[in-house]
Amino acid sequence: MVEHRMVDVNGIRLHIAEEGEGPLVVLLHGFPESWHSWRHQFGPLAAAGFRVVAPDQRGYGASDHPEDVESYSILHLVGDVVGLIHALGEEQAFVVGHDWGAPVAWHTALLRPDVVRGVAGLSVPPPFRGERPPLEVMQERFDGHFYWNHFNRPGVADAEFGKDPRAALRRLLYGASGDGAGAGRYEQALVTDLEKGWLADMPEPEALADWLTEEDLDELAGSYAQGFTGALNWYRNLDRNWELTAPWHGAVVSPPALYVYGDRDLVPAFPGTPELIAKLPELMPNLVRDPIQLKGCGHWTQQERPNEVNEALVSFLTELRDGPVAGTTHPA
């Protein structure tokens, strides 16, 4: 059974859900999600002999929500993961992330490879730092209509989502799924009307997708009782993260790695990303196998395709755990 508790980490308190015994696996959720997005992974990973822990990351759910926008930089987020691993009595862990949780997982492996036995990312591929700040680039490319720039405006998206969290989440979860009308097209993420907001072009679904229940939606909506500002502050640090990671420009993730994505996910369809995914086996020598593409799957990878994701994760984790030396290089 999944158990819940609070842990003091990196100067804040994190709510965690945990199950199982064995080598530690940390599951990192994305936006707008919570620990609950990993509900289908706890049982299978625990049954495979792992200790599974999924936190509400800072700014989410029952975890602390620091007020300072700068408290949500990538260095803070990586610090939370490293601190959590140590607070749980471990020196190393496998780290898995989805959506925003994927960049946190990738950067934890990039910045602290000594702590990461293996890293897996869902939806968002490994980071390769660009030549210019990302918010600046998207502002110019899309004249301020890209959702990153929309989220960067203080209080705007906060109020849009906070007006009716359950309704906003319902539209967003459906719209970005493999069932959504614009699935697989990054244009879906554009703010087409700055006055009406990001949700304006996301229709109200007649019914939830098969992978999401009303109870799941209630659980998620309830986790935003403190609002969306903490979660949105992650986006408000995108340019700052670019500045902070300058020392790692050109560096690649060195621990054994796995990447899984849906063919109807809008994120891998961003300009330049399909080309990056195709080159990953060349760019990352410790990618254990070619990127795994899930047919018909949208953005919510581990929720939409739990069986396939569980199979891929269990295979990846057990290979590293049971191999000659955990954490050694594996051929692609």
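No experiment lies behind these values; they were computed from the predicted model shown. (Residues numbered from 1 in each chain as written. Predicted model: local features only at pLDDT ≥ 70, side-chain atom pairs only at ≥ 80, totals over all residues. Heavy atoms only, no water.)

J.: Break down the pairing of strand S5 (residues 93-98) for me, with residues and values.
T.: Of all six residues in S5, six are buried, a share of seventy percent or more. Of the two faces of S5, both are covered, the one formed by Ala-93, Val-95 and Gly-97 as well as the one formed by Phe-94, Val-96 and His-98. Looking at chain direction, strand S3 (residues 24-28) and S5 are connected through four bridges and run parallel. Paired with Val-25 across the two strands is Phe-94, which belongs to S5. Alignment of S5 against strand S6 (residues 116-122), held across six bridges, turns out to be parallel. Its bridge partner being in S6, Val-96 is matched across the sheet by Ala-120. Following the backbone out of S5, through helix H3 (residues 101-111) and into the adjacent parallel S6, one traces a crossover that is right-handed. (Buried < 20%, exposed > 50% of the residue type's maximum accessible area, 1.4 Å probe, protein only. Helix = DSSP H or I, 4+ residues; strand = E, 2+ residues; numbered from the N terminus. Pairing = 2+ DSSP bridges. Right-handed = clockwise from strand over helix to strand, strands pointing away.)

J.: Run through the packing of aromatic side chains, naming residues and quoting values.
T.: Summed over the entire model, instances satisfying the criterion amount to 25 aromatic pairs. On the numbers, 6.3 Å between centres and 70 degrees between planes, the contact of Tyr-60 with Tyr-224 is edge-to-face. In this pair, Tyr-60 is assigned in the loop between strand S4 (51-55) and helix H2 (74-87) and Tyr-224 in the loop between helix H8 (214-222) and helix H9 (229-232), connecting sequence segments 164 residues apart. Using a relative accessible area of 4% as the deciding quantity, one classes Tyr-224 as buried. Between the aromatic rings of Tyr-147 and Phe-151, the centroid separation amounts to 5.5 Å while the plane-to-plane angle is 85 degrees, which identifies the pairing as edge-to-face. Within this pair, Tyr-147 and its partner Phe-151 are both found in helix H5 (residues 147-151), separated by four residues, close to a single helical turn. You'll find Tyr-147 and Phe-151 in the same group, each marked buried. Sitting over the ring of Trp-242, Arg-129 keeps its end group 4.1 Å from the ring centre. (Phe/Tyr/Trp six-rings, centres within 6.5 Å; stacked < 30°, edge-to-face > 60°. Lys NZ or Arg CZ within 6 Å of the ring centre and 35° of its normal.)

J.: Could you give me a rundown of helix H4 (residues 134-142), with the residues and numbers involved?
T.: Looking only at H4, the buried set comprises Pro-134, Leu-135, Met-138 and Phe-142. Buried residues of H4, viewed axially, fall in a sector of 95 degrees; they line one side. On the buried face of H4, the contacting elements are H5 and helix H10 (238-244). In the segment just after H4, Asp-143 is the residue with positive phi, at about 50 degrees. (Arc of directions from axis to C-beta. Contact = heavy atoms within 4.5 Å.)

J.: An account of the layout of surface pockets is needed here, citing residue identities and associated values.
T.: One number sums up the size of the largest pocket: a volume of about 1,200 Å³. Sorting the residues of the lining of the largest pocket by element identifies H3, H4, H5, H10 and helix H11 (273-283) as the ones contributing at least two each. For the lining of the largest pocket, the per-class residue count stands at 24 nonpolar, seven polar and five charged. (1 Å grid on protein atoms, 1.4 Å probe; cavity = no way out; pocket = protein on both sides within 12 Å on 5 of 7 lines; lining within 4 Å. Points joined across faces, edges and corners; volume = space filled by probe spheres on them. Nonpolar A, V, L, I, M, F, W, Y, C, P; charged D, E, K, R; others polar.)

J.: I'd like a description of the pairing of strand S1 (residues 3-9), backed by residues and values.
T.: In the sheet, S1 pairs with strand S2 (residues 12-19) via seven bridges, with the strands oriented antiparallel. Of the residues in S2, the one forming a bridge with Val-7 is Leu-14. Turn length for the S1-S2 hairpin, with the two strands adjacent in sequence and antiparallel, is two residues, and the turn residue Asn-10 shows positive phi of about 55 degrees.

J.: Hey, could you go over a nonpolar patch on the surface for me, with residue numbers and the actual values?
T.: Taken together, the side chains of Phe-128, Val-252 and Leu-283 present a nonpolar region at the surface, about 210 Å² in accessible area. Mapped onto the secondary structure, Val-252 falls in the loop between H10 and strand S7 (257-262). Classification of Val-252 as partly exposed rests on a relative accessible area of 35%. (Patch = residues over 30% accessible without salt bridge, like charges linked within 9 Å, V, L, I, M, F, W, Y side chains within 5 Å. Areas by Shrake-Rupley, 256 points an atom, 1.4 Å probe, with all protein chains shown as cover. Salt bridge = Lys/Arg side-chain N within 4 Å of Asp/Glu carboxyl O.)

J.: Which residues make up the side chain of Ser-73, and what values do they have?
T.: Along the chain, Ser-73 falls in the loop between S4 and H2. Its relative accessible area of 1% is what places Ser-73 among the buried residues. The contacts of Ser-73, once residues within four sequence positions are left out, are Asn-237, Arg-240, Asn-241 and Leu-244.

J.: Quick rundown of empty space enclosed by the protein? Include the residues and the values.
T.: A full pass over the atoms with the stated rule returns four cavities of 30 Å³ or more. As a volume, the largest cavity reaches approximately 130 Å³. Lining the largest cavity are 13 residues; nearest its centre among them are Phe-31, Asp-99, Tyr-147, Trp-198 and His-299. When the residues that make up the lining of the largest cavity are grouped by side-chain class, the tally is eleven nonpolar, one polar and one charged. The space that makes up the second largest cavity amounts to roughly 70 Å³. Forming the boundary of the second largest cavity are Glu-33, Ser-34, His-36, Ser-37, Arg-39, Leu-173, Leu-212, Asp-216, Leu-217, Leu-220 and Gln-303. Element by element, the count of residues in the lining of the second largest cavity is highest for H8, at three residues. Taken together, the residues of the lining of the second largest cavity break down into four nonpolar, four polar and three charged.

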